[in-house]
Amino acid sequence: AKAAGRNGFRVFRPEYTAQALQRLELEQDLRKALHQGELEVHYQPQFSLDDRRVTGVEALLRWRHPKHGLVLPARFIPLAEESGLIVPIGSWVLQQACRQAASWRTRVAVNVSAIQFCRADFADVVASTLAETGLSPQQLELELTESTVMRDAEESLRQLERLQALGVRIAIDDFGTGHSSLGLLRSLPIDAVKIDRSFVAGLPTSASNLALVRAILTLAEAFGLEVVAEGVETAVQQDTLSQMGCHLAQGYALAMPVSAEEMGRILERGDSN
Ligand code: C2E
Ligand code: CA
Ligand code: CA
Ligand code: CA
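Here is what the cut-offs are and how they apply
- Residues numbered from 1 in each chain as written.
- Chains lettered and ligands numbered in written order.
- Predicted model: local features only at pLDDT ≥ 70, side-chain atom pairs only at ≥ 80, totals over all residues.
- Heavy atoms only, no water.
- Helix = DSSP H or I, 4+ residues; strand = E, 2+ residues; numbered from the N terminus.
- Rg over C-alpha atoms; globule rule 2.2 N^0.38 Å.
- Buried < 20%, exposed > 50% of the residue type's maximum accessible area, 1.4 Å probe, protein only.
- Areas by Shrake-Rupley, 256 points an atom, 1.4 Å probe, with all protein chains shown as cover.
- Contact = heavy atoms within 4.5 Å.
- Donors = N, O, S within 2.8 Å, 3.2 Å for Na, K, Ca; no water.
- Salt bridge = Lys/Arg side-chain N within 4 Å of Asp/Glu carboxyl O.
- Core = buried A, V, L, I, M, F, W, Y, C linked by side-chain atoms within 4.5 Å.
- Near = heavy atom within 4 Å.
- Polar contact = N/O pair within 3.5 Å; in protein donor to acceptor, adjacent residues only side chain to side chain.
- Nonpolar A, V, L, I, M, F, W, Y, C, P; charged D, E, K, R; others polar.
- Phe/Tyr/Trp six-rings, centres within 6.5 Å; stacked < 30°, edge-to-face > 60°.

Chemist: I keep staring at the overall build of the chain and nothing clicks. Help me out?
Modeler: Helices and strands together make up the secondary structure of the chain, namely 12 helices and 9 strands. The C-alpha radius of gyration computed for the chain amounts to 20 Å, which stays within 12% of the reference 19 Å derived for 273 residues, consistent with globular compactness. Overall, the chain is about 55 × 45 × 40 Å in size when its C-alpha atoms are taken along their principal axes. Here the chain, with 273 residues, has 45% of them falling under the buried criterion. Summed over all atoms, the accessible surface of the chain reaches about 13,900 Å², with 51% contributed by carbon and sulfur.

Laid out in structure tokens, this is it:
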């Protein structure tokens, strides 16, 4: 169905209003979600492909909505970003993740929205969270997308330098899907890249995906960056990556994202078995 008429006017359809209302309602609910304790941080382990040990965890936000059940970030992060709610929510996720990681004595990766990263006080928020939770800075990795970092390259560089001065690690998420990847690797103080799952998906049959992954690994090695492959869904993908010299991976083939409680149990066991 066409959303817009020939002159750009929207054709009136009752379902549009229904959709808009649902969105508005969800946004109002989101305003209360944080205070009502409906948000949860789940964790997905990252593994060393060399010895199958857990090397760290990624914090992934979930919303336990009283009416809609467990809501995934794709449905509410855009709303949180448009409304600015992502700022207090993001600070809360950071706090939760750092506290958990300190008690687990493990490394934690936290996703950072462009809206958070652009704020002048972001590095201060990170610094005070580390101080409050007692997590050592090297145990915290902040995941930023290429588009976040490319918005304003000069301002980003300053922000990244502040974060680097704190001693936290920086990873570029969904690497390869954005723009200016190569220049980015050279000019910004980053520690790791995460190979986007769209590249991992075609392994080992897609020649172009093989070439892309090989190129990313070569570049990362040249720049001294750690590489994490994400979205590893099969044993074959895992073996292919390992043979190509990729040492770290995350994905359903290794472990699903789980609640903090379940993650604690996995960490006690120490491996993926
Ligand atoms: P992302 O950072 O790229 O996170 C990876 C996503 O892939 C997660 O989805 C994870 O559950 C999913 N995943 C993990 N392994 C596999 C796999 O083998 N196959 C497939 N198909 N998917 C896999 P999730 O948790 O729904 O999160 C979606 C996105 O929402 C994240 O993508 C991230 O961009 C954003 N997000 C999640 N938590 C936060 C947060 O606390 N703050 C912000 N700003 N964004 C967040
Ligand atoms: Ca991520
Ligand atoms: Ca990603
Ligand atoms: Ca993503």
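Read on, since the account is not over.
Chemist: Would you mind showing me how to read the environment of Ala 255 here?
Modeler: For Ala 255, the location among the structural elements is in the loop between β9 (248-249) and α12 (260-269). When the C-alpha atoms of Ala 255 and Lys 194 are compared, they prove to be 17 Å apart, with 61 residues separating the residues in sequence. For Ala 255, the residues in contact, after removing those within four places along its chain, are Gln 44, Pro 45 and Phe 47.

Chemist: Is there a simple way to explain the coordination of the calcium ion (ligand 4) in this structure?
Modeler: Between any two of four tetrahedral donors, the ideal angle at the metal is 109.5 degrees; between two of six octahedral donors, it is 90 or 180 degrees. Coordination of the calcium ion (ligand 4) by the protein is provided by Asp 174 (OD) and Asp 174 (OD), with metal-donor distances spanning 2.5 to 3.2 Å. Between the two metal centres, the calcium ion (ligand 4) and the calcium ion (ligand 2), the spacing is 5.8 Å.

Chemist: Teacher, can you tell me more about the coordination of the calcium ion (ligand 2) here?
Modeler: Those donors, Glu 58 (OE), Asn 111 (OD1), Glu 143 (OE) and Asp 173 (OD), are the protein atoms that reach the calcium ion (ligand 2), and they lie 2.1 to 2.3 Å from it. Donor residues binding the calcium ion (ligand 2) come from one chain and are separated in sequence as E-x52-N-x31-E-x29-D. Between the calcium ion (ligand 2) and the calcium ion (ligand 3), the interatomic distance is 3.9 Å, and Asp 173 donates to each metal, bridging them. Pair noted here: Asn 111 is in strand β4 (residues 108-111) and Glu 143 is in strand β5 (residues 140-145), with a separation of 32 residues, a long-range link. Accessibility expressed as a relative area gives 31% for Asn 111, which makes it partly exposed. Residue classification places Glu 143 among the buried residues on the basis of a relative accessible area of 1%.

Chemist: Help me understand the pattern of salt bridges, please; the structure alone is not making it clear to me.
Modeler: In a structure, side chains of opposite charge can pair up when their charged atoms sit close to one another. Throughout the structure, instances matching the rule amount to 15 salt bridges. A salt bridge links Glu 58 to Lys 194; its shortest N-O distance comes to 2.9 Å. Separated by 136 residues along the polypeptide, Glu 58 in strand β2 (residues 54-65) and Lys 194 in strand β7 (residues 192-195) bring together distant segments of the chain. Residue Lys 194 is classed as buried on the basis of its relative accessible area of 0%. Here the salt bridges do not stand alone but share partners, grouping Glu 58, Glu 143, Lys 194 and Glu 230 into one network.

Chemist: Got a minute to help me understand the environment of Val 87 in this structure?
Modeler: Note that Val 87 resides in helix α3 (residues 86-104). For the pair Val 87 and Val 112, spaced 25 residues apart in the sequence, the C-alpha separation amounts to 9.6 Å. Ignoring anything within four residues of it in the chain, the contact list for Val 87 reads Ile 115, Gln 116 and Arg 119.

Chemist: What is the right way to read the nonpolar core from this model?
Modeler: Nonpolar side chains in soluble globular proteins generally cluster together in the buried interior. Core analysis: the largest hydrophobic core is formed by 72 residues, its most contacted members being Val 108, Leu 140, Leu 142 and Leu 163. Considering every element that reaches this core, the biggest residue donor is α3, with 9 residues.

Chemist: It is not clear to me how the site of ligand 1 should be interpreted in this structure. Could you clarify?
Modeler: The immediate surroundings of ligand 1 are formed by 20 residues, with Arg 62, Asp 173, Arg 197, Glu 233 and Tyr 252 found nearest. Contacts to ligand 1 include Glu 233, whose side-chain N or O atom sits 2.5 Å from a nitrogen atom. For ligand 1, the protein covers 83% of the area, taking 790 Å² as the surface of the free molecule. Listed by contribution, the elements that provide at least two residues to the shell around ligand 1 are β2, α2 (73-83) and β6 (169-175). Top element by residues in the shell around ligand 1 is β2. It accounts for 4 residues. The residue makeup of the shell around ligand 1, split by class, is 8 nonpolar, 5 polar and 7 charged.

Chemist: Could you clarify how one ought to interpret the packing of aromatic side chains in this entry?
Modeler: Both the distance between ring centres and the angle between the ring planes are used here to describe each pair of aromatic rings. According to the stated counting rule, one finds 3 aromatic pairs in the structure shown. Seen from their ring centres, Tyr 43 and Trp 104 are 4.9 Å apart, and the 80 degrees between their planes marks the pair as edge-to-face. Placement of Tyr 43 in strand β1 (residues 39-48) and of Trp 104 in helix α3 is noted, with a sequence separation of 61 residues between them. On the accessibility criterion, Tyr 43 (1% relative accessible area) is buried. Using a relative accessible area of 18% as the deciding quantity, one classes Trp 104 as buried. Between Phe 117 and Phe 122 the ring centres are 6.4 Å apart and the planes differ by 65 degrees, which places this aromatic pair in the edge-to-face class. Taken as a pair, Phe 117 and Phe 122 share a single burial class, namely buried.

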